Amino acid sequence: LNLDASAQLEKNVEFLIDNLDDLSREAAVINQWQRQNMRNNQARMAFLAKRRAENAARRAAGEEPLPEDDGPMGRGSGPEPTRLSAYLIANEMNTFCNGIHSLTSGTLKKLSLASYLHGPSAENK
């Protein structure tokens, strides 16, 4: 590797690490929303099951059943977070990986050729 390629390689790796942190934060936001949404759905289903059992008891007693669509349905989990930013970060990471590959592929070929030309390594002697 020449010095120019080393500096470029170092920058690409730094950017890749930064983007990996960003992608990890995006994944955490999406996972948190999914967990909250699942909790809300479970609370909603528990409420409906309880309300249906209560209404069955009220019907048996000859009383008017309560509506099933009202009541505390839990705090909303908000709108689903967009996955566009995660996609853009992943695409940018792919660009940095391609840059790293293009910077190192020639060097790896040279190292492979040099090791082949020097014959068996000291380990085999």
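Above: the structure in question.
Each residue is numbered by its place in its chain's sequence as written, counting from 1. At least 70 in pLDDT is required for a residue's local features to be given in this predicted model, at least 80 for side-chain atom pairs to be given and counted, and no such filter applies to totals for whole chains, interfaces and linings, which use all residues. Derived side-chain values reflect all non-hydrogen atoms in the structure, with water molecules and hydrogen atoms excluded from consideration.

Caption draft 1: Spatial organisation of the overall build of the chain. Working definition: helices are DSSP H or I runs of at least four residues, strands are E runs of at least two. Numbering for both runs from the N terminus. Counting its regular elements, the chain contains 2 helices and 0 strands. Buried positions account for 18% of the 125 residues belonging to the chain. Note on areas: Shrake-Rupley with a 1.4 Å probe; residue coverage comes only from the protein chains shown. Surface summary for the chain: the accessible area is close to 9,600 Å², and the carbon and sulfur share equals 58%. Remark: exposure states derive from per-residue accessible area (1.4 Å probe, protein chains only) relative to the maximum for the residue type, with buried under 20%, exposed over 50%, and partly exposed in between.

Caption draft 2: Broad picture of helix H2 (residues 84–117). Expected helix span is computed as 1.5 Å times (number of residues minus one). Here H2 is 34 residues long and its end C-alpha atoms lie 49 Å apart, about the 50 Å a rise of 1.5 Å per residue gives. We define the bend at each residue as the angle formed by axes fitted to the 7 residues ending at it and the 7 residues starting at it. Its maximal kink placed at Thr104, H2 deviates by approximately 35°. Among all positions of H2, only Ala86, Ile89, Met93, Phe96, Gly99, Ile100, Leu103 and Thr104 are buried. Note on H2: the residue one or two positions beyond its end, Gly119, has a positive phi of about 80°.

Caption draft 3: Up close: a nonpolar patch on the surface. Patch construction takes residues with relative accessible area above 30% that form no salt bridge. Like charges are linked within 9 Å, and nonpolar side chains (Val, Leu, Ile, Met, Phe, Trp, Tyr) are linked within 5 Å. We count a salt bridge whenever a side-chain nitrogen from Lys or Arg sits within 4 Å of a carboxyl oxygen from Asp or Glu. A contiguous nonpolar surface patch, about 340 Å² in accessible area, is contributed by Leu84, Tyr87 and Leu88. For Leu84, a relative accessible area of 51% puts it in the exposed group.

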